[in-house]
Amino acid sequence: MTTLARLGRPSGDELGRAQATGAAGKGWVLWFGELRRLPRELKTKAKRGKHTNTHTYTQRVVRTIRANAVALSGIVYLFIAMRPMILKGHERPLTMVKFNREGDLLFTAAKDKVCNVFFSSTGERIGTYVGHNGSIWGMDINWDSTRLLTGSADATAKLWDAASGTCLQTWEYQAPIRAVAFGPDEQVMSVSQVKYKQEEVKVQVSRISEPNAVAGGASPMEITGFKENVVRILWYPTGEFFLAASEDGSVSKYDAETGSLIHRAQLHTEKIHDMQWGNMYAHFITASTDMTAKLVDVRSMEVLKVYKKETPVYSASISPLLPHVLLGGGQAADQVTTTSAARGGFEAILYHVAYQTELGRVRGHFGPINTLSFSPNGKQFASGAEEGYVRLHTFDPEYFNRAYE
Amino acid sequence: MAAEDWADDEDDEFRLPPREVTTEANGLKKVVEWSVNDQHYAVKTTKVVREEKSSIVVTEGEYERMQWKKFGSCKNQPRGLEKGISTMSVDEILIDWVTPKDEEDDESEEEDQAKRELDIRKMLAADRLKRRMEERNAGVGNWAQLMAVSAGAKVEDLNPGQGAGAGGKGDKYIPPWQRNREAGAAGAGSAMNERDDSTTVRVSNVPPRTTEADLQELFSPFGRIQRIFLSRDRVTGESKGFAYVAYNLISEAAAAIQRLDGHGYDHLILRVEWAADTRGRRFNKRIASDQFPGYVAPVAILHLNIPLLFLSLRDNFTCY
């Protein structure tokens, strides 16, 4: 009997045929290229159809095997339900993963000075952006995915041609750069400079076509008055204002024209690590070391929902498709070795956006998740962790068919 | 030149067959490929492939990006996944769903039942222990007597040997063997001392899970068993590792010793020996020589109970 492993899910038709030939029911299964009989205990469990908590895992295995073993004219296929792609493009902790607007590209940035870009459908790496001399802390992709903007600890920001990886422009600053963001018309960018020696925390808004003040160009609009580093900047799509999330736990709304502070909301008691837009730009979500993620209304800057976790939250993302919120985090990197991986809380946790209840967990990383993001179609998510791996998950049909109410 | 030709010839002779693709019925393709492995063996690989073509709708931008050539570190790499960069997870990662409570109830019912039963068992054990302590406090031998005491009867009437000893000396504790001596003669204690233990065997290294029934089964082939005593932990009810089995005849006990000493039972090896010898050596030599020069070692079981009794008395003081 020839065997063949195939990726993907069986269609209903195929499953029907499998049941007709009876291969799935008889407990034969192709397991990593080898044809094996199902262990007896698994079979009896499957027959009983009822499981106790201790055997939940076995039961789940059985369920998958039964669903996946399909016989077609003497060939047994194993359909693999949800096996994420592991992208090992970096050697140091990840700082940011970001899909482009259409979701076909996945950009990753890490402390190892390079950015990578992958096809999100296959996990194939297309290219790297090499040129920075320090950890890359922030990046942004423009609307039509032609330009990539990166900010690095080497006190420069760079603009790249996304398709070829060539650096088009470099801006120099006097302190490491933490967050970068394209303005809505892509002629403007904002850059946050961290506290460094005599330099105070600054957000600079400058025109992309011009070099900045340090390089002898026009003096950009400068915003000061932050207590701690600004870690994320989000532009409202109309260009009316932008949001700056600071490590002191506050999110500030600034007028993009004048640079004046419109509203500052103290959302968290500890560091904010991540801030992402929700669908339709009506809400944003912040992730903080104080073990919560908060969903905030953009207009009123009021906290609408709070998602609680047992460990610090380093990243949070809102599903564009279903009423879900995904939280990533874990024990602080310097304390990881003091506890077991199981207690580290390195799973990505799915919450219901309105009920704030935990729906499920996705295992995989063995270090804290530094950054994660839903793909724009909501069918995938990418997570990057302290251990240097990016995991690109594609949700299985159960995720979409489940009743969440 | 000739050598070269000869080498060429050999190459020709061992040239691997070409890749063969045959299309079978039901749309399957059979691909036969030949390759040479590390040990210089020719390997034939047969794959059965079903090709599926599906079309997806992409935006113009996406289509353009699909044509991108690789750049940066992966420049000049062929199309497809790079080895060592993009790998599929070996483990199947499914979402660990949090099941709502009402779904869970049905499944955990059995567990709840088991837990409840265990609780009841624990409660009963604690109850039994408490009752035994009360009995000891009151200085009576069993529950029926305790009931009688609480109903108004005097302890001495019920248990003349022990009662007289304890009552006569007031608060001072007197060990059972001394009580017997002071009482002067044939009280309850000495009656027990008369028990003959020449037919008793001591079994040690008994596995913790063993019960009296197990011992009965194990020892009954050698003769009719008079009595079995299995020492148990008071709290857990598990065996403490030794037991006494009394037969009617010495010959039966001897047979048991002969057959079962060194016999593997569960995961341990049993040790079976004469009860009298061991007990005399271990527990009573000192007591006997100190206090009664002409002492004849009594039945082992009684003396094994002595340390237990001390323990329980101390417990009583701390508990109540």
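Remember, it's a predicted structure, so these values are computed and weren't measured experimentally.

Parameters at a glance
- Residues numbered from 1 in each chain as written.
- Chains lettered and ligands numbered in written order.
- Predicted model: local features only at pLDDT ≥ 70, side-chain atom pairs only at ≥ 80, totals over all residues.
- Heavy atoms only, no water.
- Salt bridge = Lys/Arg side-chain N within 4 Å of Asp/Glu carboxyl O.
- Helix = DSSP H or I, 4+ residues; strand = E, 2+ residues; numbered from the N terminus.
- Buried < 20%, exposed > 50% of the residue type's maximum accessible area, 1.4 Å probe, protein only.
- Pairing = 2+ DSSP bridges.
- Axes fitted to C-alpha atoms, helices over the stretch in contact; angles between N-to-C directions.
- UniProt positions renumbered as here; feature names shortened; annotations may be inferred.
- Contact = heavy atoms within 4.5 Å.
- Core = buried A, V, L, I, M, F, W, Y, C linked by side-chain atoms within 4.5 Å.
- Phe/Tyr/Trp six-rings, centres within 6.5 Å; stacked < 30°, edge-to-face > 60°.
- Polar contact = N/O pair within 3.5 Å; in protein donor to acceptor, adjacent residues only side chain to side chain.
- Arc of directions from axis to C-beta.
- Patch = residues over 30% accessible without salt bridge, like charges linked within 9 Å, V, L, I, M, F, W, Y side chains within 5 Å.
- Areas by Shrake-Rupley, 256 points an atom, 1.4 Å probe, with all protein chains shown as cover.

### Focus on the pattern of salt bridges
Here the structure, examined in full by the defined rule, presents 25 salt bridges over all chains. The residue Lys47 of chain B makes a salt bridge to Glu33 of chain B at a minimum N-O spacing of 3.8 Å. Here Glu33 of chain B lies in strand 2 (residues 28-36) and Lys47 of chain B lies in strand 3 (residues 42-50), a separation of 14 residues in the sequence. Take Glu33 of chain B: its relative accessible area is 25%, and that puts it in the partly exposed class. Each of Arg101, Glu102 and Asp104 of chain A together with Arg65 of chain B takes part in salt bridges that share partners, so that together they form one network.

### With respect to the sheet that holds strand 16 (residues 188-193) of chain A
All names here are of chain A. Strands sit in the order 15-16-17-18 across an open sheet of four strands; the sheet is antiparallel. Every interior strand has two partners, whereas the edge strands, strand 15 (177-182) and strand 18 (221-223), have only one. Between one strand axis and the next, the sheet turns by 20° as a mean value, whatever way the strands run. Pairing of strand 17 (residues 202-207) with strand 18, which is carried by three bridges, proceeds in the antiparallel orientation. The residue of strand 18 that forms the bridge with Val205 is Met221.

### Looking at the UniProt feature "repeat: WD" (unreviewed entry) in chain A
In this structure's numbering, the residues bearing the UniProt feature "repeat: WD" (unreviewed entry) are residues 87-128, 129-170, 223-264 and 362-392 of chain A. Overall, residues 362-392 of chain A shows 0% helix and 52% strand. The separation of its end C-alpha atoms is 12 Å.

### Some details on unusual backbone geometry
All names here are of chain A. Phi at Ala155 is positive, roughly 65°, even though this residue is not glycine. Note that Ala155 resides in the loop between strand 12 (147-152) and strand 13 (156-161). Look at Ala155 and you get buried, because its relative accessible area is 13%. One non-glycine residue, Gln356, lies in the positive phi region at around 60°. Gln356 sits in the partly exposed class, given a relative accessible area of 32%.

### Points about the environment of Arg224 of chain B
All names here are of chain B. Within the fold, Arg224 resides in the loop between helix 9 (212-219) and strand 7 (225-232). Among the residues examined, Arg224 registers a relative accessible area of 65% and is labelled exposed. Other than its neighbours up to four places away in sequence, Arg224 contacts Ala246, Tyr247, Asn248 and Glu252.

### A word on the nonpolar core
Ranked by internal contacts, the top residues of the largest apolar core, which has 20 residues, are Val201, Val203, Phe219, Val245, Tyr247, Leu270 and Val272 of chain B. Taken together, the elements giving at least two residues each to this core come down to strand 6 (200-204), helix 9, strand 7, strand 8 (239-247) and helix 10 (250-260) of chain B. With sequence-adjacent residues up to four places away left out, Tyr247 of chain B is seen in contact with Thr199, Val201, Phe219, Phe222, Gly223, Arg224, Ile225, Gln226, Glu252, Ala253 and Ala256 of chain B. The next biggest cluster of nonpolar side chains, apart from the first, holds 17 residues, and it includes Ala109, Val117 and Met139 of chain A together with Phe71 of chain B.

### Description of the packing of aromatic side chains
One pass over the structure, following the stated rule, counts 20 aromatic pairs over all chains. Each ring, one from Phe107 of chain A and one from Tyr129 of chain A, has its centre 6.3 Å from the other, and the planes form 35°; the classification is tilted. Here Phe107 of chain A is found in strand 8 (residues 105-110), whereas its partner Tyr129 of chain A is found in strand 10 (residues 125-130), with 22 residues between them in sequence. Taken individually, Phe107 of chain A and Tyr129 of chain A each receive the classification buried, so the pair is uniform in this respect. By the ring-pair criterion, three or more aromatic residues cluster together here, those being Phe374, Phe381, Phe395, Tyr399 and Phe400 of chain A together with Trp97 of chain B.

### What to know about the side chain of Thr199 of chain B
All names here are of chain B. Position of Thr199 among the secondary structure elements: in the loop between helix 8 (188-193) and strand 6. In terms of polar contacts, Thr199 uses its side chain to reach the backbone carbonyl oxygen of Tyr247, at 2.7 Å. Apart from the residues lying within four places of it in its own chain, the contact partners of Thr199 are Val245, Ala246, Tyr247, Asn248, Leu249, Ile250 and Ala253.

### Examining helix 9 of chain B
All names here are of chain B. Among all positions in helix 9, only Leu215, Leu218 and Phe219 are buried. Projection of helix 9 onto a plane perpendicular to its axis shows the buried side chains occupying an angular sector of 85°, all on one side. Every exposed residue of helix 9 that faces more than 90 degrees away from the buried side is listed here: Ala213 and Glu217. Along its buried surface, helix 9 packs onto strand 6, strand 7, strand 8, helix 10, strand 9 (264-265) and strand 11 (271-274).

### Regarding the sheet that holds strand 32 (residues 380-385) of chain A
Spatially, 31(A)-32(A)-33(A)-6(A)-4(B) is the arrangement adopted by the five strands of the open sheet, whose pairing is antiparallel. Lying at the two open borders of the sheet, with one neighbouring strand each, are strand 31 (369-374) of chain A together with strand 4 (86-88) of chain B. Taking the axes of each pair of neighbouring strands and ignoring which way they run, one obtains an average angle of 20° across the sheet. Pairing of strand 32 of chain A with strand 33 (residues 390-394) of chain A, which is carried by five bridges, proceeds in the antiparallel orientation. Directly across from Gly384 of chain A, in strand 33 of chain A, lies its bridge partner Val390 of chain A.

### What about helix 10 of chain B?
Residues and elements named next belong to chain B. Looking only at helix 10, the buried set comprises Glu252, Ala253, Ala256, Ile257 and Leu260. The arc that holds the buried residues of helix 10, viewed along the axis, is 140°, so those residues lie on one side. Away from its buried face, by an angle of more than 90 degrees, helix 10 presents the exposed residues Ser251, Gln258 and Arg259. Packing partners of the buried residues in helix 10 comprise strand 6, helix 9, strand 8 and strand 11. Note on helix 10: the residue one or two positions beyond its end, Gly262, has a positive phi of about 85°.

### Digging into a nonpolar patch on the surface
A cluster of nonpolar side chains, Leu16, Trp34 and Val36 of chain B, forms an exposed patch at the surface whose accessible area comes to about 240 Å². Within the secondary structure layout, Leu16 of chain B lies in the loop between helix 1 (2-13) and strand 1 (20-23).

### What about the environment of Tyr307 of chain A?
Residues and elements named next belong to chain A. Along the chain, Tyr307 falls in strand 26 (residues 303-308). The class of Tyr307 is buried, set by a relative accessible area of 0%. Between the C-alpha atom of Tyr307 and that of Tyr351, which follows or precedes it by 44 residues, the distance is 7.4 Å. Discounting chain neighbours no more than four positions away, the residues touching Tyr307 are Ile285, Met291, Thr292, Ala293, Leu295, Val325, Leu327, Tyr351, His352, Val353 and Gln356. From its side chain, Tyr307 meets the backbone oxygen of Val353 in a polar contact 2.6 Å long.

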